[in-house]
Amino acid sequence: MKKPRKRHALSTRLWHWISAVSLIILFMSGLNISNAHRRLYWGDDGFLPEQAWLEVPRFPGWATIPDYYSLAAARDWHVLFSLLLGFSLLAFMIFAFANGHMKRDIFASKREWKPSSILKDIREHLKFNFEHGEGKYNILQKIAYASVILILIPLMIFTGMVMSPGMEAAWPWMTEIFGGRQSARSLHFIAAWLLFGFFVIHILLVLAAGPISQVRAMITGGKE
Amino acid sequence: MMQRRNFLVAAGAAFLNGCNEIGETAWFGKLVEGAQGWHRGLHRALGVGRIPMAPEYTRADLSPFFRGNGSLTVDTEAYRAAEANGFANWRLAVGGLVDNPGELSMDDIRALPQRTQITRHDCVEGWSAIGEWTGPQLSTILEAAQVRPEANFIVFRCADNLNGQDYYESCDMDDAIHPQTIIAHRLNGDPLPVRNGAPLRLRIERQLGYKHAKYLTGIDAVASLDDIGEGKGGYWEDRSGYQWYAGI
């Protein structure tokens, strides 16, 4: 398929901003939901302190949506934006595989996977040189983007689906893959914080690499 | 640097304020209602070709005990007297849009065909407990009562009063006639403990805990939920805006 003329295809840009908004809202409403029961368990069930593997701190109002404790209102935001996140990822995947973005820009070649090449990339990052690597993205970027698109966000979506009892009744095998509902809930929590970690590094690197040109390219498409 | 930080703090506060305001608008409520319908539609559609069933477990999976939440008893003289009497005279009224209304005694309920299921109870807060429940299927009771075709919902009346309002719940006919929807009178082989809703509670296994109404006194078939309580179909739905479809 023909290479797109712009740096970022329209489907990529739309998905990027829809996901950015959805993930921020889902993360912050999720912290509100977490405040409703601040213990995490492994397996199918759990409600006692001695069954828990983690006692989660209470998240303050400035970090949650809404900014006061309301499980019902937080769930409203979660119920709405979970659909947006899930279906926009599905649409993006279809476009990204069809227009070659995934294969061309996200998947790394055998050569890039060599330890010497990865080490070189880490050194370049430490020198704040981001304009290197053979394609649009360097190997560390490829690993980060592929982990988010193909692992972390799908993990959020599927563990979220497991926690919906109506969904679980339709696809009960999903619960078993994750080792039970409370395991899915724990993984949902862990993956949320890994995504938060990605978010922080992503913002810092955009700031370091030139925020105005980077954000403009993600809005207008930019030049190849 | 200081200015940039002030800007970020102000932007964050404006974002949260915006979310709060959007969250209170009517159109946001409509959007959420639409999203709930989408979830419900997906849940039903993705279980293609069979009746979607909640997972069932074995006795080895039972929780150490079954936590009580919400009302832990009913604070009335009548309930205390019923409890002292082993709930021998408890009645479940069946009415509304049915051709054959009536009352079921505890003996009537125990004489119906029974279903025993070991299921997981998921509270909206996030915790889960596994218990073994026994009771007749709601569909058996509804068939005997001959529900009229214009009935769209089943309403569950309860003896408990929480924060000054009578507890109640409701579900659509799809969940009402679902094989795992039972009127439970036993938990883990014993009569239902008071904290878990003695002597009768609803088990509606494809939805969250607040739908599983306890201390049941009556079942009504209705066409609309508008005139019941504050019209949102349940105690928590009316009081705090919880989702009526709690399969999410």
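On a predicted model such as this, the values are computed, not experimentally measured, just so you know.

Conventions adopted
- Position numbers for residues count from 1 along each chain, tracking the sequence in the order it is written.
- Labels are handed out in written order, letters beginning with A for the chains and numbers beginning with 1 for the ligands.
- With pLDDT at 70 or above as the cut-off, local features in this predicted model cover only qualifying residues; side-chain atom pairs require 80 or more to be listed or tallied, and sums for whole chains, interfaces and linings still use all residues.
- Note on contacts: residues are paired as contacts if their backbone-placed C-beta atoms lie within 7 Å.
- The helix and strand labels rest on DSSP assignments: H or I over at least four residues marks a helix, E over at least two residues marks a strand, and numbering proceeds from the N terminus.
- Classification used: nonpolar for Ala, Val, Leu, Ile, Met, Phe, Trp, Tyr, Cys and Pro, charged for Asp, Glu, Lys and Arg, polar for all others including Gly.
- Strand pairing is assigned whenever DSSP detects at least two bridges linking the two strands.
- All axes are obtained by fitting lines to C-alpha atoms, using only the stretch in contact for helices, and the reported angles, taken between N-to-C directions, cover 0 to 180 degrees.
- Take the number of residues in a helix, subtract one, and multiply by 1.5 Å to get its expected span.
- With C-beta atoms placed from the backbone, a residue counts as buried when 20 or more other C-beta atoms lie within 10 Å of its own, as exposed when 12 or fewer do, and as partly exposed for counts between those limits.
- Throughout, the arc means that of the directions going from the helix axis to the C-beta atoms.
- An automatic or database domain assignment is the source of the domain bounds shown.
- Only buried residues count toward a nonpolar core: Ala, Val, Leu, Ile, Met, Phe, Trp, Tyr and Cys, linked into one set through C-beta atoms within 7 Å.
- Any angle that falls under 35 degrees is termed roughly parallel, while one over 145 is termed roughly antiparallel, one within 65 to 115 roughly perpendicular, and all others oblique.
- Crossing handedness is read from the near helix: turned anticlockwise from the far helix by less than a right angle, it gives a left-handed crossing, and turned clockwise, a right-handed one.

**Student:** Can you lay out the interface of chain A and chain B for me, pointing to particular residues and giving the numbers?
**Tutor:** Taken together, the 31 residues of chain A in the interface contact 40 residues of chain B. Looking at the side of chain A that touches chain B, the elements that each hand over two or more residues are helix H2 (71–98), helix H6 (165–170), helix H7 (172–177) and helix H8 (181–209) of chain A. When residues in the side of chain A that touches chain B are grouped by element, the largest group, eight residues, is from H2 of chain A. Class assignment of the residues belonging to the side of chain A that touches chain B gives a composition of 17 nonpolar, six polar and eight charged.

**Student:** Report on the sheet that holds strand E6 (residues 165–172) of chain B, specifying residues and quantitative values.
**Tutor:** All names here are of chain B. With mixed pairing, five strands are arranged side by side in an open sheet as E2-E1-E11-E5-E6. Only two strands of the sheet have a single partner each, and these edge strands are strand E2 (102–105) and E6. Averaged over neighbouring strand pairs, the angle between their axes works out to 20° when direction is ignored. Where strand E1 (residues 91–96) lies against E2, four bridges are found, and the strand directions are antiparallel. By the bridge assignment, Arg-91 is partnered in E2 with Ser-105.

**Student:** I'd like a description of helix H2 (residues 26–46) of chain B, backed by residues and values.
**Tutor:** Every α-helix carries 3.6 residues per turn, so stepping three or four residues along brings you back to the same face. With 21 residues, H2 of chain B extends 30 Å between its outermost C-alpha atoms, agreeing within 8% with the 30 Å of an ideal straight helix rising 1.5 Å per residue. Of the positions making up H2 of chain B, those classed as buried are Val-32, Ala-35, Gln-36, His-39, Arg-40 and His-43 of chain B. All buried residues of H2 of chain B fall inside an arc of 135° around its axis, so they share one side. Turned more than 90 degrees off the buried face of H2 of chain B, the exposed positions are Ala-26, Trp-27, Lys-30, Gly-34, Gly-37, Gly-41 and Ala-45 of chain B. On its buried face, H2 of chain B sits against H2 and H6 of chain A.

**Student:** Give me the lowdown on the domain arrangement of chain B, citing residues and values where you can.
**Tutor:** What the domain assignment lists for chain B is domain 1 (1–50) and domain 2 (54–240). Its C-alpha centre places domain 1 of chain B at a distance of 32 Å from the equivalent point of domain 2 of chain B.

**Student:** Outline the nonpolar core, supporting the account with residue identities and numerical values.
**Tutor:** Judged by nonpolar contacts, the single largest core of 73 residues is most densely connected at Ile-154, Phe-156, Cys-158, Ile-183 and Leu-216 of chain B. Of all the elements, H2 of chain A adds the most residues to this core, at 11 residues. Residues lining this core come from more than one domain, with at least three contributed by each of domain 1 (1–50) and domain 2 (54–240) of chain B.

**Student:** Pulling in residues and values, what's your account of the packing of helix H1 (residues 10–34) of chain A against H2 of chain A?
**Tutor:** Residue and element names in this part refer to chain A. It is the contact of H1 with H2, at a shortest axis distance of 8 Å, that shows an interaxial angle of 155°. As judged from the angle between their axes, H1 and H2 are roughly antiparallel. Seen from above, H1 lies across H2 with left-handed handedness. Split by residue class, the contact of H1 with H2 holds 15 nonpolar, nine polar and one charged.

**Student:** Residue-level account of the pairing of strand E3 (residues 114–122) of chain B, with values.
**Tutor:** Residues and elements named next belong to chain B. Bridge count between E3 and strand E4 (residues 128–136): nine bridges; the pairing is antiparallel. For Thr-116, the partnering residue across the bridge sits in E4 and is Thr-134. If you look at the hairpin formed by E3 and E4, you'll find five residues sitting between the two strands, and Gly-126 has a positive phi there, around 130°.

**Student:** Account for the sheet that holds E3 of chain B, with residues named and values stated.
**Tutor:** Residues and elements named next belong to chain B. A sheet is described by the order of its strands in space; here four strands give the open sequence E3-E4-E8-E9, paired in antiparallel fashion. Two strands lie at the open edges of the sheet, namely E3 and strand E9 (190–191), each paired on one side alone. One ladder, built from two bridges, connects E4 with strand E8 (residues 186–187); its direction is antiparallel. The residue bridging Trp-133 from the neighbouring strand is Leu-187, located in E8.

**Student:** Can you tell me about unusual backbone geometry, naming the residues and giving the values?
**Tutor:** A cis amide bond links Ile-65 of chain A to the next residue, Pro-66 of chain A, at an omega of -10°. For Pro-66 of chain A, the position within the fold is in the loop between strand E2 (54–55) and H2. A positive phi angle, near 55°, is found at Gln-146 of chain B, a position not held by glycine. When you line up the elements, Gln-146 of chain B lands in the loop between helix H5 (138–145) and strand E5 (153–162). For Gln-146 of chain B, a count of 12 C-beta atoms within 10 Å corresponds to the exposed category. Located in the positive-phi region is Asn-163 of chain B, a residue other than glycine, with phi close to 50°. Position of Asn-163 of chain B relative to the elements: it lies in the loop between E5 and E6.

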